[in-house]
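Report on the structure
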There are 4 protein chains.
Amino acid sequence: VVKDNSYILKLSCVDRPGIVSEVSGHLFAQGFNILDAQQFNDVETGHFFMRVVFGTADGAIPAEPPTNGFRSIAEQLGMRWSLRRLGEKRRVLLLVSKFDHCLVDLLYRSRIGELPMRIAGIVSNHPRSEFLDSDFGEIPFFHLPVTRETKLEQEAELWECIQKMDVELVVLARYMQVLSDGLSAKLTGRCINIHHSFLPGFKGAKPYHQAFERGVKVIGATAHYVTGALDEGPIIEQDVERISHRDTPDDLVRKGRDIERRVLAKAILNHLEDRVILNGRKTVVFTD
Amino acid sequence: VVKDNSYILKLSCVDRPGIVSEVSGHLFAQGFNILDAQQFNDVETGHFFMRVVFGTADGAIPAEPPTNGFRSIAEQLGMRWSLRRLGEKRRVLLLVSKFDHCLVDLLYRSRIGELPMRIAGIVSNHPRSEFLDSDFGEIPFFHLPVTRETKLEQEAELWECIQKMDVELVVLARYMQVLSDGLSAKLTGRCINIHHSFLPGFKGAKPYHQAFERGVKVIGATAHYVTGALDEGPIIEQDVERISHRDTPDDLVRKGRDIERRVLAKAILNHLEDRVILNGRKTVVFTD
Amino acid sequence: VVKDNSYILKLSCVDRPGIVSEVSGHLFAQGFNILDAQQFNDVETGHFFMRVVFGTADGAIPAEPPTNGFRSIAEQLGMRWSLRRLGEKRRVLLLVSKFDHCLVDLLYRSRIGELPMRIAGIVSNHPRSEFLDSDFGEIPFFHLPVTRETKLEQEAELWECIQKMDVELVVLARYMQVLSDGLSAKLTGRCINIHHSFLPGFKGAKPYHQAFERGVKVIGATAHYVTGALDEGPIIEQDVERISHRDTPDDLVRKGRDIERRVLAKAILNHLEDRVILNGRKTVVFTD
Amino acid sequence: VVKDNSYILKLSCVDRPGIVSEVSGHLFAQGFNILDAQQFNDVETGHFFMRVVFGTADGAIPAEPPTNGFRSIAEQLGMRWSLRRLGEKRRVLLLVSKFDHCLVDLLYRSRIGELPMRIAGIVSNHPRSEFLDSDFGEIPFFHLPVTRETKLEQEAELWECIQKMDVELVVLARYMQVLSDGLSAKLTGRCINIHHSFLPGFKGAKPYHQAFERGVKVIGATAHYVTGALDEGPIIEQDVERISHRDTPDDLVRKGRDIERRVLAKAILNHLEDRVILNGRKTVVFTD
């Protein structure tokens, strides 16, 4: 539910004394009550990270959006920040190739309101006919096939798609094409990929087969922001499952589907609830 | 390591607007820098919980302990609070009956400095001769045998022990005697028990045998504050392990030892680092 | 994939020397090769349990089904047993009330061939109009409303449904009606329920709210065979997830959906692959 | 407890029809009753693996050890095999460097009879004086210091130690020296190392610092047989723990100690109970 009188403030800046005091003092002076707050001081990099959920103390809709009042503090402290209504739905583009378990899962979660998002569209390098069993409802589907020769053009189309539809988050829901450095750069911090291994183990292609060959006893999946370096982006969420010598590569693929679905969904939820902040090669995740 | 210029403030009170602003403003005014802060507003009960780690901005030892300055704010807001030096070791009494795996584990963790505590003494209803394999070093051992008839006297002795040695935390490290309501009340919020089941399942005696009889597929352990109601106290930490039909009650006991050790140690660490705050029948735990 | 030359033999009987020798000797004599075998001797009850996967050594389709040859051994040793083609799809009836996350999940898993089953029908005490977002394809839907007064009649209809459609497994996929003792008895060992708590904790209604009230730090779900005693049937599978003081009952419901889906799916897969054998109040589960 | 009338048979060979029948038929003919059996057919490599626990049907001590009778079958089928009394304690050598948490843990587990082993000795490249807090009881301690120049001589001494004391299993309990190819080859399948990462991620030195740098959300530990290739040996057991952005490298080291202890102990238990069989670069582990 969007709450008209509640907001999420997410910010990061160089650490220095008094930030919490300044932010909380400002909110109090504006008549807001802090409902939840988490902060983190990275002593290694000297950076400060904060997430604050606040609302009007009386439950009324504020006369003017709190964004305006906050801008001067943010500028003064050199913050990277965002301020959104609690529960506001953001526009998300889902990219998929052949395997649709993450796609179907996200459609369901979106439908029952578990994820605060509006699916702006579905993009695939495979044609719509391969997803006949799936009901996409009103969601537009874009078939953007790609070959080595047409990759540049395809990414241009994709980028146009993203801009036209005002997409705020791109999700690679088992999209098996590597984004170019250029497109990755444009999508910094707003493109999430699910890799079907427990990174940094088994980067690249066919990770379940790699895991089978190596004889590991636990497999996993990793949701991370996409960067130019393949499978090297900042990790948002990981999870694992035990396996045994009895498991064939097909079994790993099957067991992996469950891990991938829940890891990707959790990463998206955390992103959409403004719980994730980039911290260089890493992320700060303020969990619930 | 005790840091002479860093402190942990732990507090709870009835929620109202401006608490974070007031606390952080006060600390800033006193020349302190917030290093870590977590808070929680329980909308159900209307209570506010906070843990703040702070230090002098310049790293110097403060002229006067920050406790004094904070007292008036705390009183004004009706807070229950504590303020301690970061890393300060607290005096802990360990109670044990026959099984010493938790005791031995805590002795080791204490020795290598993993837990910020000083073991004030070890109390058992079994004699020292049953623990011959264990090296207690300089730690005094008290044999306080107990029967149904002498329970009152034994608890009186125990209570004297606790007072004389200025014990701040009592740990029932597989101490198989139920504390009376009276003693439990005196130790509210500073007596931790490890129960060898995943509460609320399998309360009372022989939980692993109960679990075996029921045929569960996962067993667990629960660390909780002791109250007058057996196995009903506020839960601090729980963890589990998978089992199978092949596991005998003896196997469950063996697997359970590992769960008990880590659950109890984690609960104690969280307590000693002032991460746990009582919230009626529950706890707020600000994890790392 | 159904393999025309491979079979799963599942059996249990009173233990005595020579069973493995007799079974494996028989299969060898018939020209079969054992591909996988697991057994369990319950020393407590003196019962023997076995699962054997075998195929013709030359990969050919056997002249006659191995069932016939096995019958005499089985009778002689007083076995309860089944023998099925590997991968054979069994007819399953799904029952659901309001929440459809398990239903939708099972439909998807069935569609991609993850579960060796054919969904014979979907039964709900809620009308089809409440599931408009779900595409049931060709699967027949039966609306069987129920009140306290009509429970007897409704169960009679349900039982007729089960018989007419030759249903081998009934799945209560968040079906919030308690089956009567009579119907439970008819469905012994072939009706699986998902309970949304870590049994034996939080039996009965609204387990997530019970868990919230109690302040547990881990929640779970339990798949079990249905018996006349509510939430007391033999457990097939359980799993858990960590929670914190920040989680509201709604958060528990959301997190629980993920646990319920995977626990129920895993229990059904194990049942359909003949990995589960009843052992009194418990189950033997030969995992992969 | 050593059972004079019960045995564990562990074997592997090229797969072919009739092995189970032959082995179980033989045991039955000799008057033995199978108590537990697990097998695995690796379709990829065409190898067969089996673990059988059996005892005399009447509970009597067998007239002659079953080893003799089994030899001809084993030779005929080209088996690699072992046959031991159930519960027989094997001679284990523990190697340790600076960090003694695994050592202390194994000493305790050995003392309470959790692991069927006799600790033949403790070897360290650090002097006894660094372990003053640990009570080694009667267990001989060998200080074998090592430098790049003296590695050859040190390993020769170590090997002599192993032979003289008739050591059956060598455990690298956080021994921070890499064994040479030569020594690794001599100890194939009977030297277990604990690596403090979730392999294949973070091989080599300072894995927790590598994990911190990479920003993973889960850390782990891996117990594996030692081979000439560093951190590449067949994996026996792995486990993991969640971490967050708040965890410093020191926190990872602390949390890692718990994972390392239980992963190493579980791998050793499985090895000593003859549950682990080498399968090329991998292991077959017949879990309980």
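Before reading on, note that the structure itself is shown above.
A quick note: this is a predicted structure, and the numbers were derived from the prediction, not measured. (Residues numbered from 1 in each chain as written. Chains lettered and ligands numbered in written order. Predicted model: local features only at pLDDT ≥ 70, side-chain atom pairs only at ≥ 80, totals over all residues. Heavy atoms only, no water.)

The secondary structure content of chain A amounts to 7 helices and 13 strands. Principal axes of the C-alpha set define a box for chain A whose edges measure 60 × 40 × 35 Å. Across the 288 residues that make up chain A, the buried fraction comes to 61%. Relative to all contacts within chain A whose residues are 6 or more apart in sequence, the contacts with residues 24 or more apart total 66%. (Helix = DSSP H or I, 4+ residues; strand = E, 2+ residues; numbered from the N terminus. Buried < 20%, exposed > 50% of the residue type's maximum accessible area, 1.4 Å probe, protein only. Contact = heavy atoms within 4.5 Å.)

Let us look at the pattern of salt bridges. All told, the structure shown has 92 salt bridges over all chains when counted by the stated rule. R257 of chain C is paired through a salt bridge with E114 of chain A; the nearest N and O atoms lie 2.7 Å apart. Of this pair, R257 of chain C sits in helix α7 (residues 249-272) while E114 of chain A sits in the loop between α3 (101-111) and β6 (117-124), placing the two residues on different chains. Note on accessibility: R257 of chain C and E114 of chain A belong to one class, buried. In this structure, R51 of chain C engages D36 of chain C in a salt bridge whose closest nitrogen and oxygen atoms are separated by 3.9 Å. Here D36 of chain C lies in strand β2 (residues 32-42) and R51 of chain C lies in strand β3 (residues 47-56), a separation of 15 residues in the sequence. Its relative accessible area of 4% is what places R51 of chain C among the buried residues. (Salt bridge = Lys/Arg side-chain N within 4 Å of Asp/Glu carboxyl O.)

Time to look at the packing of helix α6 (residues 207-214) of chain C against α7 of chain C. Residues and elements named next belong to chain C. The N-to-C vectors of α6 and α7 enclose an angle of 125°; their axes lie 9 Å apart at closest approach. One finds that α6 runs oblique with respect to α7. Between α6 and α7 the crossing geometry is right-handed. Here Y208, H209, A211 and F212 of α6 lie close against α7, whose contacting residues are P249, L252, V253, G256, R257 and E260. (Axes fitted to C-alpha atoms, helices over the stretch in contact; angles between N-to-C directions. Parallel < 35°, antiparallel > 145°, perpendicular 65-115°, else oblique. Left-handed = near helix turned anticlockwise from the far one by under 90°.)

This part is about the packing of aromatic side chains. The final tally for this structure, using the stated rule, is 34 aromatic pairs over all chains. Ring geometry for F32 of chain D and F54 of chain D: centres 4.9 Å apart, planes at 70°, overall edge-to-face. Of this pair, F32 of chain D sits in strand β2 (residues 32-42) while F54 of chain D is found in strand β3 (residues 47-56), placing the two residues 22 residues apart along the sequence. Pair check on accessibility: F32 of chain D and F54 of chain D agree, each one buried. Put simply, the rings of Y7, F32 and F54 of chain A touch in pairs and so form one group of aromatic residues. Here the guanidinium or amino end of K282 of chain B rests over the ring plane of F212 of chain C, the centre of that ring lying 3.4 Å away. (Phe/Tyr/Trp six-rings, centres within 6.5 Å; stacked < 30°, edge-to-face > 60°. Lys NZ or Arg CZ within 6 Å of the ring centre and 35° of its normal.)

Mapping between the two chain copies consists of a rotation about an axis together with a translation along that axis. Once turned by 180° and shifted 0.0 Å along the axis, chain B lies on chain C with an RMSD of 0.0 Å. Such a combination of turn and shift is consistent with a two-fold rotation axis. Of every C-alpha in chain B, the one belonging to G201 of chain B sits nearest the axis of rotation, 2.3 Å from it. Residue by residue, 100% of the interface of chain B is reproduced at the interface of chain C, so both copies engage with the same surface. (Least-squares fit on C-alpha atoms with pLDDT ≥ 70 in both.)

What follows deals with the interface of chain D and chain A. Contacts between the two partners involve 34 residues from chain D and, on the opposite side, 34 residues from chain A. Between chain D and chain A, roughly 3100 Å² of surface is buried when both sides are summed, and carbon and sulfur atoms account for 52% of that area. The largest share of the area that chain D buries against chain A comes from R214, K217 and H245 of chain D, three residues that together contribute 24% of it. The tally of links between chain D and chain A comes to 4 salt bridges. Notably, a salt bridge pairs E237 of chain D with R242 of chain A, separated by 2.7 Å at the nearest N-O pair. Counting only elements with at least two residues in the side of chain D that touches chain A, the list comes to β2, α6 (207-214), β11 (235-242) and β13 (282-285) of chain D. Here the side of chain D that touches chain A is built from residues that sort into 14 nonpolar, 7 polar and 13 charged. (Buried area = accessible area lost by both parts, 1.4 Å probe. Nonpolar A, V, L, I, M, F, W, Y, C, P; charged D, E, K, R; others polar.)

Taken together, the contact pairs 34 residues of chain B with 34 residues of chain C. Carbon and sulfur atoms supply 52% of the area buried between chain B and chain C, which totals about 3100 Å² over both sides. In terms of surface lost to chain C, no three residues of chain B exceed R214, K217 and H245 of chain B, which account for 23% of the buried area on that side. The tally of links from chain B across to chain C stands at 4 salt bridges. Along the contact surface separating chain B from chain C lie 20 residue pairs in polar contact (both at pLDDT 80 or more). The set of elements that each furnish at least two residues to the side of chain B that touches chain C consists of β2 (32-42), α6 (207-214), β11 (235-242) and β13 (282-285) of chain B. The element contributing the most residues to the side of chain B that touches chain C is β11 of chain B, with 7 residues. Classifying every residue of the side of chain B that touches chain C gives 14 nonpolar, 7 polar and 13 charged. (Polar contact = N/O pair within 3.5 Å; in protein donor to acceptor, adjacent residues only side chain to side chain.)

All names here are of chain A. In space, the 7 strands of this open sheet follow the order β7-β6-β5-β8-β9-β10-β11, with mixed pairing throughout. The sheet terminates laterally at β7 (141-143) and β11 (235-242), the two strands that pair on one side only. The average undirected angle you get between the axes of adjacent strands in this sheet is 20°. One ladder, built from 4 bridges, connects strand β5 (residues 90-96) with strand β8 (residues 169-172); its direction is parallel. Note that in β8 the partner of L94 across the bridge is V171. Here α3 sits on the sheet and contacts β5, β6, β8 and β9 (191-195); the angle it forms with β6, its principal contact strand, is near 160°. (Pairing = 2+ DSSP bridges.)

Below, the discussion takes up the sheet that holds β11 of chain B. Two pairing modes exist for strands in a sheet, parallel and antiparallel, and in both the strands are linked by backbone hydrogen bonds. Residue and element names in this part refer to chain B. Pairing is mixed in the open sheet, where 7 strands are placed in the order β7-β6-β5-β8-β9-β10-β11. Of all strands in the sheet, those bounded by a partner on one side alone are β7 (141-143) and β11. Within this sheet the neighbouring strands show an average axis-to-axis angle of 20°, counted without direction. Pairing geometry for strand β10 (residues 218-225) and β11, over 7 bridges, is antiparallel. Paired with G220 across the bridge in β11 is V240.

Residue P200 of chain C is reached from L199 of chain C by a cis peptide bond, and omega for that bond is 10°. As for its position among the elements, P200 of chain C is in the loop between β9 (191-195) and α6. Look at K206 of chain B: it is not a glycine, yet its phi comes out positive at around 50°. Looking at where K206 of chain B falls in the secondary structure, it is placed in the loop between β9 (191-195) and α6.

Bringing the environment of R71 of chain B into the picture now. All names here are of chain B. Position of R71 relative to the elements: it lies in helix α2 (residues 66-76). Judged by its relative accessible area of 40%, R71 falls in the partly exposed class. For R71 and W81, which are 10 residues apart along the polypeptide, the C-alpha to C-alpha distance reads 9.3 Å.

Turning our attention to helix α7 (residues 249-272) of chain B. All names here are of chain B. Taking 1.5 Å of rise per residue, 24 residues should cover 34 Å, and α7 covers 33 Å from first to last C-alpha, within 8% of that figure. Taken as a whole, α7 carries its principal kink of about 25° at G256. Most of α7 sits inside the fold, with 21 of its 24 residues counted as buried. A positive backbone phi angle near 55° is found at D274, which sits one or two residues after α7. (Expected span 1.5 Å × (residues − 1). Bend = angle between axes of the 7 residues up to and from the residue.)

All names here are of chain B. Counted residue by residue, β9 has 5 buried out of 5 residues, so it is predominantly covered. Both faces of β9 are covered, namely the face carrying C191, N193 and H195 and the face carrying I192 and I194. The sheet contact formed by strand β8 (residues 169-172) and β9 spans 3 bridges and is parallel. Each residue of the ladder has a partner; that of L172, found in β9, is N193. Considered for its hand, the β-α-β crossover made up of β8, helix α5 (residues 181-186) and β9 is right-handed. (Right-handed = clockwise from strand over helix to strand, strands pointing away.)

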